[in-house]
Amino acid sequence: MAGGWPVGGRWVSAAPHDRSMDLLDGLGRGVGELAARALDLALPALCAGCGREGEALCRECRPALDARLRQPAGVPVGLPGDIPSPLAQLEWCSSFTGVTRRALHRLKYAGDRRLAAPAGRAVGRRWRRAGVGGDVLVPVPASPDRVRDRGYDQAELIARAASGICGLPVWTPLVRTRTTIAQFDLDRRERAGNVAGAFAVRAASGGARLAGAWIVLVDDVMTTGATLAACGRVLLEEGALAVSAITVARER
Ligand SMILES: [Zn+2]
């Protein structure tokens, strides 16, 4: 048998782009990430905003997440009809710049889950102030691959922290049925196609529970709102009364 090697007691062929090679790549990356994460948590936290030692996000940087807190609900966001159908309301806490951007990047790509708490609390405060209607928070799910790599689903952590502030319970009825390309790599038209059909409601938590519920979707960043709208359509098809959405940040 030419061109192969033993892995875990089994002979693995060395065909290019073989799944086993992906698996090995994945294992190597996973171990590296775990080690990096363990190291991160062993060291004193550096603020994601300013780099100061002490907390994942220091008290001087935290207010950046509440940049819009005192703005009234329903602030015009530039264009008429800027709320993507079928969403009833769209809210966010801050623009996706500066401290907020750095904090969300670290939460999403550097494995620092501690940043979900300040981000989620900002979501809870903004919703308590600006939210109109809403019975339950529903995080937009990350793909299972990404949750496995990262060790957590950041939108779910954000929703749980928000729940402690705004008092709405968290449900997780949505699943991502396929991995999508990161939305920021795509233009507006491609974004809608990228997420169409990418979400479904879990069989075990379907219709009966969602029927008549006013859902508030929670996510880290919104760009065009295509992802939120795709989730909204699935939830309405399952009988939800209405779907609103709030994110930590909005990219423009
Ligand atoms: Zn700071």
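The rules behind the values
Residues numbered from 1 in each chain as written. Predicted model: local features only at pLDDT ≥ 70, side-chain atom pairs only at ≥ 80, totals over all residues. Helix = DSSP H or I, 4+ residues; strand = E, 2+ residues; numbered from the N terminus. Contact = placed C-beta atoms within 7 Å. Core = buried A, V, L, I, M, F, W, Y, C linked by C-beta atoms within 7 Å. Buried ≥ 20, exposed ≤ 12 C-beta atoms within 10 Å, placed from the backbone. pLDDT = per-residue confidence, 0-100. Expected span 1.5 Å × (residues − 1). Axes fitted to C-alpha atoms, helices over the stretch in contact; angles between N-to-C directions. Parallel < 35°, antiparallel > 145°, perpendicular 65-115°, else oblique. Left-handed = near helix turned anticlockwise from the far one by under 90°. Nonpolar A, V, L, I, M, F, W, Y, C, P; charged D, E, K, R; others polar. Pairing = 2+ DSSP bridges. Right-handed = clockwise from strand over helix to strand, strands pointing away.

Visitor: Would you explain the overall build of the protein in this entry?
Guide: Within the protein, the regular secondary structure consists of eight helices and ten strands. For the protein, long-range pairs separated by at least 24 residues make up 75% of all intrachain contacts whose partners lie at least 6 apart in sequence.

Visitor: Just checking my understanding: could you explain the nonpolar core for this structure?
Guide: Looking at soluble globular proteins, one finds that nonpolar side chains tend to be buried together. Of all hydrophobic cores here, the largest spans 60 residues; its most connected members are Ala119, Val123, Ile158, Val216, Leu217, Val218 and Val248. Apart from the residues lying within four places of it in its own chain, the contact partners of leucine 217 are Val138, Val140, Leu228, Cys231, Gly232, Val243 and Ala245.

Visitor: Could you clarify how one ought to interpret the environment of tryptophan 171 in this entry?
Guide: Note on placement: tryptophan 171 falls in the loop between α5 (154-166) and β7 (174-176). Measuring from C-alpha to C-alpha, the distance between tryptophan 171 and arginine 209 comes to 9.8 Å, with 38 residues separating the pair along the chain.

Visitor: What is the right way to read the confidence of the model for the protein from this model?
Guide: In low-pLDDT regions, the fine details of the predicted coordinates are not to be read closely. Looking at the protein, the pLDDT average stands at 82 and 74% of residues meet or exceed 70. Averaged pLDDT values for the elements of the protein fall to 40 in strand β2 (residues 10-13) and rise to 98 in α5. Per-residue pLDDT stays below 50 along residues 1-24; that stretch engages in 15 contacts with residues further than four places along the chain or on separate chains.

Visitor: Help me understand helix α8 (residues 226-237), please; the structure alone is not making it clear to me.
Guide: Since the α-helix advances by 3.6 residues per turn, residues separated by three or four positions end up pointing in the same direction. With twelve residues, α8 ought to run about 16 Å at 1.5 Å a step, and its terminal C-alpha atoms sit 17 Å apart, in line with that. In terms of burial, α8 is largely enclosed, as nine of its twelve residues are buried. By the burial criterion, the buried members of α8 are Ala226, Thr227, Leu228, Ala229, Ala230, Cys231, Gly232, Val234 and Leu235. In the stretch just after α8, glycine 239 is the one whose phi turns positive, near 105 degrees.

Visitor: Is there a simple way to think about the packing of helix α3 (residues 116-130) against α5 in this case?
Guide: Describing two packed helices takes the angle between their axes plus the distance from one axis to the other. For the pair α3 and α5, the least separation of the axes is 7 Å and the interaxial angle reads 50 degrees. Taken as axis vectors, α3 and α5 run oblique relative to one another. When you trace α3 past α5, the crossing you get is right-handed. Counted together, Ala116, Ala117, Ala119, Gly120, Arg121, Val123, Gly124, Arg125, Trp127 and Arg128 of α3 and Gln154, Leu157, Ile158, Ala159, Arg160, Ala161, Ala162, Ser163, Gly164, Ile165 and Cys166 of α5 form the full contact between these two elements. When the residues that make up the contact of α3 with α5 are grouped by side-chain class, the tally is twelve nonpolar, five polar and four charged.

Visitor: Please clarify how the sheet that holds strand β9 (residues 214-222) should be interpreted in this entry.
Guide: As a general point, the strands of a sheet are linked pairwise by backbone hydrogen bonds and lie either parallel or antiparallel. Here we have four strands laid out as an open sheet, ordered β5-β10-β9-β6, and parallel in their pairing. Pairing within the sheet leaves two strands with one partner each, and these edge strands are β5 (90-95) and β6 (136-139). When strand polarity is set aside, the average angle formed by the axes of neighbouring strands in this sheet is 20 degrees. Of the strand pairs in this sheet, β6 and β9 are connected by four bridges, and their pairing is parallel. Among the inter-strand pairings, proline 139 is bridged to a residue of β9, identified as valine 218.

Visitor: When you look at unusual backbone geometry in this model, what are you seeing that I'm missing?
Guide: Excluding glycine, residues mostly have negative phi values, and the peptide bonds linking residues are mostly trans. The linkage connecting serine 85 with the following residue, proline 86, adopts the cis geometry, with an omega of 5 degrees. Take proline 86: it is sitting in the loop between β4 (53-54) and β5.

Visitor: When you look at α3 in this model, what are you seeing that I'm missing?
Guide: Between its terminal C-alpha atoms α3 stretches 21 Å, which fits the 21 Å expected from 15 residues at 1.5 Å a residue. Of all 15 residues in α3, eleven are buried; the element is thus mostly enclosed. Contacts made by the buried residues of α3 are with β5, α2 (98-109), α5, β9 and β10 (242-250).

Visitor: Just checking my understanding: could you explain the environment of alanine 110 for this structure?
Guide: Along the chain, the position of alanine 110 falls in the loop between α2 and α3. For the pair alanine 110 and arginine 150, spaced 40 residues apart in sequence, the C-alpha to C-alpha distance is 8.2 Å.

Visitor: Looking at this structure, how should I read the pairing of β9?
Guide: Looking along a regular strand, one sees the side chains alternate between the two faces of the sheet. Of all nine residues in β9, eight are buried, a share of seventy percent or more. The parallel pair β9 and β10 is bridged by α8, and the resulting crossover is right-handed.

Visitor: Which parts of the structure should I look at to understand the environment of leucine 168?
Guide: For leucine 168, the location among the structural elements is in the loop between α5 and β7. As a C-alpha pair, leucine 168 and aspartate 135 span 33 residues in sequence and 6.3 Å in three-dimensional space.

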